[in-house]
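# Analysis of the macromolecular model
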Amino acid sequence: MDVILQGLTEAQTDAVTHIDGPLLILAGPGSGKTRVVTHRIAYMINQGVPPSQIAALTFTNKAADEMRARVEQLAPGKSVWMGTFHRFCAQLLRRYATMVGLTENYSIYDSSDAKQAMKRAIEAADISTSHTSPEQIATTISNAKNRLVTPEMMLAATKRSGPTMAARVYPVYQQQLLTANAVDFDDLLLHVALLLKEHPELRQELDTRFRYILVDEYQDTNLAQYAIVRGLSINHPNLSVTGDPDQSIYGWRGADINNILDFEKDYPSVKTVRLEQNYRSTPNILRAADQLIRHNRRRKNKELYTHNDEGDAVTLRIYENGYEEADGIADEIANAIAVEGFRPRDFAILYRMNALSRSIEHSMRRRNLPYQIINGLEFYQRKEIKDLLAYLHLINNPKHDVALQRVINTPTRGIGTKTIAYLRSHADRHGIPMLEATRQVDQIEGLAKRSATAVKRFVELYDRLAIKATATLEDLIRYIVEETRYEDHLLKTVVDGQDSSAVANVDEFITAGVEFDRYHPDDGSLELFLEQTALVADTDAFEDNTDRVTVMTLHAAKGLEFPRVFVIGVEDGLLPHSRSKDTDSGFEEERRLLFVGITRAKERLQLSCCKSRTMRGESRPAISSPFFNELPLDEMRRVESELERNWFDEDSQDDYPESWDLPEEEDDEDFDSEAAASVKETADPPFDESCQLPEEELKELVAKKKKKKKAVLGLKTAADLMSGPSSIPVTAYREGNLVRHGEHGEGRIVSVTGRGPKRTATIRFDDGEHRFRLAFCELELIDG
DNA sequence: AAATAGCAACTTTTT
DNA sequence: GTTGCTATTT
């Protein structure tokens, strides 16, 4: 007990010791919110609340994991339900599936599945998309679902002026989802919310079952989530929510900031606790955040304060362009690591949109700086993985039409788009799943005999696979790969010279299956595996026990903290984003987004913008964000871009260290010499156009290298993180390394001197010694 | 039907 | 700079 309350402030203790009745914790950034929540759970258990009656809802798996780990420390072995809203709903829905017209093996469509399904619904509803795009319709429907609007309600609402496109598609889409025994992300919430609303006896049962509900990041809940939480807190209003209205950044997906602003109205007997002391940031950083957020009109005023040391002034920096921004920041990080003894993990680079990660990635890589990018393209999005997943989905849920269409002709087996269209329309006409339609292939008129045979062969294959549904995942996946000759298909499809990672990914997927089998020796089911893969988000990829610079969006950064933070691209049209800045609420949300970014920093913060930025190919002039003028400028350090470093100026200042030691436990991919050595490409010259060589010659060289690199490696995005860096920094070559040269064969590096493009290696080959500029020559590193 | 080439449109943020 | 779609070819 002492342990649980030890070291807590008065306000924190107040919150922790509150057990029964509604509780609102208004927690500013860095105010120890997680600490309060976890200690409160432990306290409740200690006071005799059965752990099984507690449910803690978060927005990300990561948040849930962290909470779980910390509760485990305080109250070992007590199993409290913790997880995301979506997972919570997915599990409830599993149990009560039949009540909403599904069966327990229903599938969760991810956003690309949903997109496919939406297109089909639009087609089936016979709507021309000349005036609206499918995306727009999808957004409208998604918003409706988040506001608990059913197809009937939407139709009724638009009756007067004639139904809108969305109103006509919505019922069709929903019906097709039911036929496919599937739900989209929004449905997870919608179904459960409606379930609670329409079945009072069930609502009451669950209310009692989950007597104590905790919700994290309450400012980001939408109406559906609100309704769920509310429905579970009527008989037992032991609802505690934590949040910060100033950090509400999900309005675009239906989050309603009023849920938290009006919480005290909803629960008049609420106890409100304000956590305003900040333990995270320096006063400098906090003042910047505070002054910025004061410009929002719709908010609860809050006094942020801290007893931390003053620290350094916040830096406001203007670069020439995005490359300079990336290089400058990477240099600064490299320098801080080399000179000040910082670790890579102490830094974060944050931005408004994922597209901005590219230049950062480049700069980090050239300096051999370990980093982790949290963004879109990841494992489960890759073609080969999606293919195999689709097989699994179809085996688990034979009605999964999106999966069927993906799988029916991969590997190609003579079933073309036309045949698929026949099957689809047959299915639509009879209101049956497409797999069912394939079994009735003989009844479909107009289909060539040859096509029908191919379809029958597929059905046979499917039936063979489906028998193995209850095998271990490892066996099942291996069986699919074998039976479909999937690897042959990959090898055939892979364009010559493209990366061979596809097959490796398949192996990794099998490994994922093996892991799953191991962690779930008893309760492991295909269903559970699929649910887990469907509900992992990109942000969950963040690892805090790894020593790397973190690179991610402002949204993904919520809840995290770093000693040093760089927010890049603080420009008009980018932050605030041009698509949000026109409405007051949108504009204020953008401001909150910057607020979130600023308050991630513990010791030092830099906000930067550029004079010009290249987006989508062309470079355009950029102007700084209007938010700059809302900051305490007079106490900040303003820096205009210095003239770019000149590499050929012999004693120029910036010199990166060749590498820094990673901790021993570091066994992550790439960034060490081992991975670098496995790559067969020379370095990108780490310099820009300002160079001593004749300009034309240089351009040609650069162009040649670019071409070559593309041909050899195929891709050069975040995805190739998995297969290794696409270029070797000049610093990767060390004395003693073994290298191969096209002309001279194998040789050993005798010495390395100079830096940047001037960095030169002396190499002893069989035919004598030769000197090479590392940035320019074609050298293959054999061992490092 | 399959493979390829070329075009078009788009990118805000995510469970 | 990418991804998905259409037209073209075998």
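Residues numbered from 1 in each chain as written. Chains lettered and ligands numbered in written order. Predicted model: local features only at pLDDT ≥ 70, side-chain atom pairs only at ≥ 80, totals over all residues. Heavy atoms only, no water.

As a reminder, the rule being used: UniProt positions are given in the numbering used here, feature names are shortened, and annotations may be inferred rather than shown by experiment.
Chain A appears in an unreviewed UniProt entry as DNA 3'-5' helicase from Novipirellula aureliae. You can read under Sequence similarities (unreviewed entry) in the UniProt record for chain A the words "Belongs to the helicase family. UvrD subfamily."

### A few points about the overall build of chain A
Just so we agree on the cut-off: Counting from the N terminus, the helices are the DSSP runs of H or I reaching at least four residues and the strands are the DSSP runs of E reaching at least two. Burial here depends on accessible area, computed with a 1.4 Å probe over protein chains only, as a share of the maximum for the residue type. Under 20% is buried, over 50% is exposed, and the range in between is partly exposed. Areas reported as accessible are Shrake-Rupley estimates using a 1.4 Å probe. Residue values count occlusion only from the protein chains shown.
A count of helices and strands for chain A gives 29 helices and 21 strands. When burial is assessed residue by residue, chain A has 55% of its 784 residues classed as buried. Of the accessible surface of chain A, which amounts to about 35600 Å², a share of 48% is contributed by carbon and sulfur atoms.

### Comments concerning the environment of A69
Its location among the elements puts A69 in helix α4 (residues 61-74). Looking at A69, the relative accessible area reads 44%, which means it is partly exposed.

### Notes on the confidence of the model for chain A
Note that predicted coordinates carrying low pLDDT should not be read in detail. Which entries qualify depends on this criterion: How sure the predictor is of each residue is captured by pLDDT, a score from 0 to 100. It only takes one pair of heavy atoms within 4.5 Å for two residues to be counted as in contact.
Within chain A, residue pLDDT values average 83, and 83% of them lie at 70 or more. For residues 643-727, every residue scores under 50 in pLDDT, and the model assigns this stretch 152 contacts once sequence neighbours within four places are set aside.

### Side note on the pattern of salt bridges
Filter applied, for reference: Each reported salt bridge corresponds to a side-chain nitrogen of Lys or Arg within 4 Å of a carboxyl oxygen of Asp or Glu.
On inspection of all chains with the given rule, the structure shows 51 salt bridges. Among the salt bridges present, the one from R367 reaches D331, with a minimum N-O distance of 2.6 Å. Placement of R367 in the loop between α17 (357-366) and β11 (371-374) and of D331 in helix α16 (residues 322-340) is noted, with a sequence separation of 36 residues between them. The exposure classification of R367 matches that of D331, with both residues buried. Each of K33, D216, E217, D220 and K558 takes part in salt bridges that share partners, so that together they form one network.

### Quick look at the sheet that holds strand β3 (residues 81-84)
Just so we agree on the cut-off: DSSP calls a pair of strands paired once it identifies at least 2 bridges connecting them. Lines fitted to C-alpha atoms define the axes, with helix axes restricted to the stretch in contact, and inter-axis angles between N-to-C directions lie between 0 and 180 degrees.
Spatial ordering of the open sheet is given by β3-β2-β6-β7-β1-β8, a layout of six strands whose pairing is parallel. The open sheet has two edge strands with one neighbour each: β3 and β8 (271-275). For this sheet the average axis-to-axis angle between neighbouring strands, irrespective of direction, equals 15°. Pairing between strand β2 (residues 54-58) and strand β6 (residues 212-215): four bridges, direction parallel.

### Some points on helix α23 (residues 473-483)
Within α23, the full set of buried residues consists of L473, L476, I477, Y479, I480 and V481. Here the buried face of α23 lies against α18 (383-396), α22 (449-467), α24 (486-493), α25 (501-519) and α26 (526-534). Once α23 ends, the next one or two residues include R485, with phi positive near 50°.

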